[in-house]
Every structure is written in C-alpha cells, then in structure tokens.
Amino acid sequence: DLKKIRRKQKNFANLNFLKIPNIMGVLNLTPDSFSDGGKFNKENNGLKHALEMFNSGANIIDVGGESTRPGSKAINEKLEWKRLEKFIKSTKNNIPISLDTRKSEIMKKGIKFGVKIINDVSETISVLKKNKVPFVIQHSQGTPENMQNKPFYKNELLEIYDFFEQKINFLKSIGIRHNNILIDPGIGFGKNLKHNMNLIRNISIFHSLGFPILVGNSRKK
C-alpha cells in the first residue's frame, strides 16, 4: 500500500499530479441538470463559461449533454450529440475537455475531436481499451432514475473500496493500462448525506489503490 501511495503519477490530460489539487470545471449543456441546467446550453454561453473557468484556473473542463442528477431520464444518442457537437468542435485544441457520457458512440465522436478524458458513468470498456484514452472509474449505486431511492450500505467505505479493487483487477486482466485512470467515489450517486460525509471525511482510504482521486462534490446538498 505504501509503495502505491508514494509512487509518482504520470501526468495526462493537462493534469499535473505534482500539483495538488487539480481543478475540474463542470459544464452541463443540458436543460435539466441540478445546478446549471438551462444556463449554458444556448448560443455560445457554454463556450464563454468554459473559457472563464479555464482562465480562472481550471485544469480541465468536464462537459456533459445528458443529466445524471437523481431522478433524471436517459436521452437518445442523437439528442445528446446535438447538445455537445458545436461546443466540442469549437474547443478542439484550445481547452482540455473531459467528456461525461454513458454512450459509446458519443465517446468515439468526442475522442475524434480531441477529448482528453472520458468521465464515463457506465464504462464502455471496448471503446476505452481501443482508444487508450484516460478515463474515470466512478462508483454509483443504481441508475440516475432510482439511485436516491433509499440507498443502503453495510459499510460504504469498504464496499466502494472493494468495488474499485475488483474493477481495477478486471481492467488489468484485459490489458488496460493503469497509468491513465482516475477513481471517483461518486459523491451523491446512490448515497445519502451520511454516506457522502463519511466518504469525504475518509477519502484518504482510496489512496492505497494507487490512483488519482476525483471528488465531485461541487454544489451538491
């Protein structure tokens, strides 16, 4: 565990792991996301906001075209790409982009236009393996439609740790490299207030897995 914790992380996607923390700006090009839904999905508002965040110190901008807030409904691929296409094409080579999507075809299109990280809540393994793009392993209990319907854990810290360990061992077994993976315990994704606070308070437990940790708690209750 100590060897994993102390090893030097390889930098990728405009993230410098000698600098702690790196900041991820979040941009939702949706009408229904919980904090900024409808604010940046018209005209060039999204691009302007992304530039503001990047110029204010964000290392990377995480963009999504489908809300995954509690109770949200899935949308089709055509509509999701319609929301994302203009923004992703206009930011090519100018702003480092992380793409938050559950759909393999959206991933492929995003990678084609220079997306640096796939922030993938479902993990379409074949796309990630083929393109060798950095990606996020996120923990979530249930789906966005039902994940906040009485989430239950016997011990959220150990259960989420075991989830990561099993997922990482599986990825290793199919030949996916470890030096461009981030892990995200999924604050607010199938967790109640007690679970969330316990995860934040004890986030260091996940360091012994040997990966950078993404903590997405901005503006969540």
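Residues numbered from 1 in each chain as written. Predicted model: local features only at pLDDT ≥ 70, side-chain atom pairs only at ≥ 80, totals over all residues. Heavy atoms only, no water.

(A) Representation of the sheet that holds strand β4 (residues 117–120). The parallel open sheet is built from 6 strands, whose spatial order is β1-β2-β3-β4-β5-β6. In this open sheet, the two edge strands, each paired with only one partner strand, are β1 (24–28) and β6 (181–184). Averaged over all adjacent pairs, the angle separating strand axes in this sheet is 25°, with direction ignored. Where β4 lies against strand β5 (residues 135–138), 3 bridges are found, and the strand directions are parallel. Bridging across to β5, Asp120 finds its partner in Ile137. The sheet contacts of helix α3 (residues 77–90) involve β1, β2 (60–64) and β3 (97–100), and relative to β3 the element is tilted by about 180°. Running over the sheet, helix α6 (residues 156–173) touches β5 and β6 and is turned about 140° from β5. (Pairing = 2+ DSSP bridges. Helix = DSSP H or I, 4+ residues; strand = E, 2+ residues; numbered from the N terminus. Axes fitted to C-alpha atoms, helices over the stretch in contact; angles between N-to-C directions. Contact = heavy atoms within 4.5 Å.)

(B) The pattern of salt bridges, seen in detail. Summed over the entire model, instances satisfying the criterion amount to 6 salt bridges. Between Lys103 and Glu80 there is a salt bridge, and its shortest N-O distance comes to 2.7 Å. Of this pair, Lys103 sits in the loop between β3 and α4 (104–112) while Glu80 sits in helix α3; the two residues are 23 residues apart in sequence, bridging distant segments of the chain. Here Glu105 and Lys108 are joined by a salt bridge, their closest N and O atoms 3.1 Å apart. One end of the pair is Glu105 and the other is Lys108, both in helix α4 and 3 residues apart, which spans about a single turn. Judged by relative accessible area, which is 31%, Glu105 ranks as partly exposed. Bridged by salt links that share partners, the residues Glu66, Glu80, Arg102 and Lys103 form one connected network. (Salt bridge = Lys/Arg side-chain N within 4 Å of Asp/Glu carboxyl O. Buried < 20%, exposed > 50% of the residue type's maximum accessible area, 1.4 Å probe, protein only.)

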